[in-house]
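A closer look at the structure
One-letter residues, chain by chain:
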Amino acid sequence: SNDFLTMKINADGTLAWEETFDYGSGADVANAICIDDDGNVYVTGEAAAGGGSDVLTVKYDNAGNYAFDVSIADSGASGGNDIEFIDDNIYVFGYSNSSGLNQDMVLIKYETILGIHQWTELINGSGYADDEGVQMIADGIELYLLGISAQSGGSGWSIAKYDTDGGEYWMEDFFTGETDFSGNN
């Protein structure tokens, strides 16, 4: 099975450490990584579980020692696509099918000492179909989110601004009319 692979490379290009993490018997895919102020490493992605996948996040200390793993499970496919560190918290952005109907963007906050879950925010684009969180940028006090939102007749982009407590400032959807983002209709 596929596992998360995390490596730290020294400034001279040599390998400092290498760790793998196996969530279970299925495929695990790491999608994003971030580092906190102390050099601890956080990796997020998707882990096969129960016929679907879970949002999985793993922490290693700056020497590569395993610290914790946390996951958010639901009835369908879920995964983390981006991760950011702000003020002793990590924020994971991705997708979740917790409703069992349509997939939504998901924003999750954990504290970084023990990985204690703080909150989860499901974000639905205006098309009320499948949505997926793609990228997140943090400026230290706010989170800027970019997602793909399926809509009738194609797909579009959802752009949102959230505070670090999960409060939405605003969200805008931009319909492209494309069924995919390669330019094919």
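Look up: the structure comes first, before these words.
Described in the following lines is the structure provided in the data block. Predicted model only: the values in this text are computed from it and were never measured.

Quick look at the pairing of strand E12 (residues 142-151)
Of the pairings in the sheet, the one linking strand E11 (residues 131-138) to E12 comprises seven bridges and is antiparallel in character. In the strand pairing of E12, Gly133 is matched with Gly147.

A few points about the sheet that holds strand E4 (residues 41-49)
Read across the sheet, four strands follow the order E3-E4-E5-E6 without closing on themselves; strand pairing throughout is antiparallel. At either end of the open sheet lies a strand with only one pairing partner, and these are strand E3 (28-35) and strand E6 (66-72). Each strand axis lies, on average, 20° off the axis of its neighbour in the sheet, ignoring direction. As judged from the six bridges shared by strand E5 (residues 52-60) and E6, these two strands associate in the antiparallel manner. Within E6, the residue paired with Val55 across the bridge is Ile72.

Overview of a negative patch on the surface
On the surface, a cluster of negative charge is made up of Asp37, Asp38, Asp87 and Asp88. Within the secondary structure layout, Asp87 lies in the loop between strand E7 (79-86) and strand E8 (89-96). A residue is classified by how much of its surface remains accessible, and Asp87, at 60% relative accessible area, is exposed.

Quick word on the environment of Asn62
Structurally, Asn62 is set in the loop between E5 and E6. Accessibility expressed as a relative area gives 38% for Asn62, which makes it partly exposed. When neighbours within four sequence positions are excluded, Asn62 is seen to be in contact with Lys8, Trp17, Asp38, Gly39 and Asn40. Separated by 3.2 Å, the side chain of Asn62 and the backbone oxygen of Asp38 make a polar contact.

Observations regarding the packing of aromatic side chains
In this structure the tally under the stated criterion is three aromatic pairs. Ring geometry for Trp17 against Tyr60: centres 5.7 Å apart, planes inclined by 50°, an arrangement best described as tilted. Within this pair, whereas Trp17 is found in strand E2 (residues 15-21), its partner Tyr60 is found in strand E5, the two being separated by 43 residues in sequence. Of the two residues examined, Trp17 and Tyr60, each falls in the buried class. Between Tyr91 and Trp119, the aromatic rings sit 6.2 Å apart at their centres with planes inclined by 55°, giving tilted as the arrangement. Here Tyr91 is found in strand E8, whereas its partner Trp119 is found in strand E10 (residues 117-123), with 28 residues between them in sequence. Over the aromatic face of Tyr169 sits the side chain of Lys161, whose NZ or CZ is 5.0 Å from the ring centroid.

Each value, and the rule that gives it
- Residues numbered from 1 in each chain as written.
- Predicted model: local features only at pLDDT ≥ 70, side-chain atom pairs only at ≥ 80, totals over all residues.
- Heavy atoms only, no water.
- Pairing = 2+ DSSP bridges.
- Helix = DSSP H or I, 4+ residues; strand = E, 2+ residues; numbered from the N terminus.
- Axes fitted to C-alpha atoms, helices over the stretch in contact; angles between N-to-C directions.
- Patch = residues over 30% accessible without salt bridge, like charges linked within 9 Å, V, L, I, M, F, W, Y side chains within 5 Å.
- Areas by Shrake-Rupley, 256 points an atom, 1.4 Å probe, with all protein chains shown as cover.
- Salt bridge = Lys/Arg side-chain N within 4 Å of Asp/Glu carboxyl O.
- Lys, Arg positive; Asp, Glu negative; His and termini not counted.
- Charge placed at Lys NZ, Arg CZ, Asp CG, Glu CD.
- Buried < 20%, exposed > 50% of the residue type's maximum accessible area, 1.4 Å probe, protein only.
- Contact = heavy atoms within 4.5 Å.
- Polar contact = N/O pair within 3.5 Å; in protein donor to acceptor, adjacent residues only side chain to side chain.
- Phe/Tyr/Trp six-rings, centres within 6.5 Å; stacked < 30°, edge-to-face > 60°.
- Lys NZ or Arg CZ within 6 Å of the ring centre and 35° of its normal.

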